[in-house]
Amino acid sequence: MNCLVIGGGAAGMFCAGLLAQYGHSVTLIEKNEKLGKKLYITGKGRCNITNDADRETLLQNIVSNPKFAISALSKFSPQDTMAFFEEKGVPLKVERGNRVFPVSDKSSDIIRALEKWLKNAGVNILLNKEVKGIKIGDNGACGAFTNEGEILADKVIVATGGISYPLTGSTGDGYKWAKALGHNIVPLRPGLNGLIVPNTSKLSGLTLKNVRAYIFDGEKELDSEFGEMLYTHKGVSGPIILSLCSKINKYYDGKAFDRKLTLSIDLKPAIEMDELEQRLIRDFTLKPNVDIKNLMPEYLPKSLIEEVLAQANIKENTKCNSITIKMRNNLMQALKGLKYDILGIDKIEFAIITSGGVDVKEVSPKDMQSKIIPNLYFIGEVLDIDALTGGFNIQLALSTAYAMARSLNEDK
């Protein structure tokens, strides 16, 4: 069987290697000068290759269409991923949150192992070659049109990724081809991205650890995450913000939210309101003549004091013995719920992953084959499946690639 895999990212490389290992003739086409460009920068260059999670945890971390992914994940689990790379000579380690990385902390080791495997399996790798469209024959997909002519194949597998980090080659080609062939494309949105909120330029670079961030729609709490976040010159980012972004991007059309959303940050999640009040009363009593701004370093990073006091409507030079009950309550509210209007999501080019994509209702979860065009397959990020941070998205790419290749092997 002649198979053409378009896209040399995690899904494309893995699928191509498996198909060749199963005895098929495989061509892997990549428009960049090398394979795995986006994989190289994942996990800040360390490559969080998967998450050593159980089935329930895995599904809980999939934001879009977890039911669609069940079949693929049952065929190729995170533990299978770990075994695969260990067998290919890449020692792995499990860190906080069950995130899995190469022991070397080098994504290049993952890519090198895949490249060696592809070469040994006999995959024909074509670099610097751009696909312009999918060729359709009497029996469905039968090849691709490239900038250097046609390539014929019995099976065509689209693994072109999303539209985030376009410099890595993720420019949305797969969506265009799918749409042209009659597939519905679920609107594309930035996933795992920073949020734009006002008045953060002075705080840029400040990292907050062990805080809880909430998203509110009016008075209704939509979701929350506990952990680490980061202020940027135009808003907030960091692990918990990235996850919250993926949970609210369905309300975003690329320019604005369809509702008024608020970010609330509990700077002291380990302390209940009553305990915080008693601590403040004690400190005010012990240091009556101290300016409130000079007491706050016991509670906050210095760079955040101005913002907290501003939201509490307390002047920085107010003496502790002049703090009224109302002012104290305001301060408690600010410490337990620093609030920002969410104005938007950072540009999709900077998103870690793309939400939206080829509608999974039109793709078979068993083998990733299009229900509209026979012999055409979609794997990885081009599909409308995405997950939170922690290695889950790469696992989805590998599992969907495996489901495709395995099904073809079973049909032999």
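For the structure itself, consult the block above.
What counts, and at which threshold
Residues numbered from 1 in each chain as written. Predicted model: local features only at pLDDT ≥ 70, side-chain atom pairs only at ≥ 80, totals over all residues. Heavy atoms only, no water. Helix = DSSP H or I, 4+ residues; strand = E, 2+ residues; numbered from the N terminus. Pairing = 2+ DSSP bridges. Axes fitted to C-alpha atoms, helices over the stretch in contact; angles between N-to-C directions. Polar contact = N/O pair within 3.5 Å; in protein donor to acceptor, adjacent residues only side chain to side chain. Contact = heavy atoms within 4.5 Å. 1 Å grid on protein atoms, 1.4 Å probe; cavity = no way out; pocket = protein on both sides within 12 Å on 5 of 7 lines; lining within 4 Å. Points joined across faces, edges and corners; volume = space filled by probe spheres on them. Salt bridge = Lys/Arg side-chain N within 4 Å of Asp/Glu carboxyl O. Buried < 20%, exposed > 50% of the residue type's maximum accessible area, 1.4 Å probe, protein only. Core = buried A, V, L, I, M, F, W, Y, C linked by side-chain atoms within 4.5 Å. Disulfide = S-S within 2.5 Å. Parallel < 35°, antiparallel > 145°, perpendicular 65-115°, else oblique. Left-handed = near helix turned anticlockwise from the far one by under 90°. Nonpolar A, V, L, I, M, F, W, Y, C, P; charged D, E, K, R; others polar.

Visitor: Just give me the short version of unusual backbone geometry, but keep the residues and values in it.
Guide: One can expect most non-glycine residues to show negative phi and most peptide bonds to be in trans. With a phi close to 60°, Asn98 is a non-glycine residue in the positive phi region. With respect to the secondary-structure elements, Asn98 resides in the loop between strand 5 (92-95) and strand 6 (99-102).

Visitor: Quick one: what's the story with the sheet that holds strand 11 (residues 155-158), residue by residue and with numbers?
Guide: Taken in spatial order, the 5 strands make up an open sheet running 7-2-1-11-21, and their pairing is parallel. Where the open sheet ends on each side, the last strands, each with one partner, are strand 7 (124-127) and strand 21 (376-378). The sheet shows a mean angle of 20° between the axes of neighbouring strands, direction not considered.

Visitor: Provide a residue-level description of the side chain of Thr318, including the pertinent values.
Guide: Note on placement: Thr318 falls in the loop between helix 11 (302-311) and helix 12 (325-336). At a separation of 2.8 Å, a polar atom in the side chain of Thr318 contacts the main-chain carbonyl oxygen of Lys315. Residues in contact with Thr318, not counting those within four places in the same chain, are Val290, Asp291, Ile292, Ile323 and Met327.

Visitor: For the layout of surface pockets, give the residues involved together with the corresponding values.
Guide: Counted as a void, the second largest pocket has a volume near 210 Å³. What lines the second largest pocket is a set of 15 residues, among which Val63, Ser246, Lys247, Ile248 and Lys250 lie closest to the centre. Going through the elements one at a time, strand 4 (62-64), strand 15 (220-232) and helix 8 (239-248) are the ones with two or more residues in the lining of the second largest pocket.

Visitor: Summarise the pattern of salt bridges; cite the residues concerned and give the values.
Guide: Side-chain pairs of opposite charge can arise whenever the charged atoms involved come near each other. Going through the model one piece at a time under the given rule, you end up with 25 salt bridges. Across the salt bridge formed by Asp173 and Lys31, the nearest N and O atoms sit 2.9 Å from each other. In this pair, Asp173 sits in helix 7 (residues 173-180) while Lys31 sits in the loop between strand 2 (25-30) and helix 2 (37-41), placing the two residues 142 residues apart along the sequence. On the accessibility criterion, Asp173 (14% relative accessible area) is buried. Its relative accessible area of 26% is what places Lys31 among the partly exposed residues.

Visitor: Lay out helix 7 with the relevant residues and their values.
Guide: What helix 7 keeps buried is the set Asp173, Gly174, Tyr175, Trp177 and Ala178. Residues of helix 7 that are buried make contact with strand 1 (2-6), strand 8 (131-137), strand 11, strand 12 (185-191), strand 20 (353-358) and strand 21. Downstream of helix 7 by one or two residues, Gly182 has phi in the positive range, about 100°.

Visitor: For the nonpolar core, give the residues involved together with the corresponding values.
Guide: In this structure, Leu19 and Leu383 are the most contacted members of the largest nonpolar core, which totals 80 residues. Top element by residues in this core is helix 13 (residues 392-410). It accounts for 11 residues.

Visitor: Can you tell me about the pairing of strand 6, naming the residues and giving the values?
Guide: Bridging between strand 3 (residues 50-51) and strand 6 involves 2 bridges; their strand directions are antiparallel. Looking at the pairing, Asn51 lines up with Arg99 of strand 6. Strand direction decides the pairing type here: strand 5 and strand 6, joined by 4 bridges, are antiparallel. Looking at the pairing, Val94 lines up with Val100 of strand 6. Taking the residues that link successive antiparallel strands as the turn, the strand 5-strand 6 hairpin has 3 residues, and the phi of Gly97 there is positive, at about 75°.

Visitor: Go over the state of the cysteines, please, and point to the residues and values.
Guide: As enumerated under the stated definition, the model contains 0 disulfides in all. Unpaired in terms of disulfides, Cys15 finds its nearest cysteine sulfur in Cys3, a separation of 7.7 Å.

Visitor: Before we move on, can you summarise the packing of helix 1 (residues 10-21) against helix 6 (residues 107-121) with the specific residues and values?
Guide: Axis separation between helix 1 and helix 6 bottoms out at 9 Å; the angle between their running directions is 30°. Judged by the inter-axis angle, helix 1 sits roughly parallel to helix 6. Here helix 1 and helix 6 pass one another in a crossing that is left-handed. Contacts between helix 1 and helix 6 involve Met13, Phe14, Ala16, Gly17, Leu18, Ala20 and Gln21 from the first element and Leu114, Trp117, Leu118 and Ala121 from the second. Its residues assigned to classes, the contact of helix 1 with helix 6 comprises 9 nonpolar, 2 polar and no charged.

No statement about biological role is implied by the geometric values presented.
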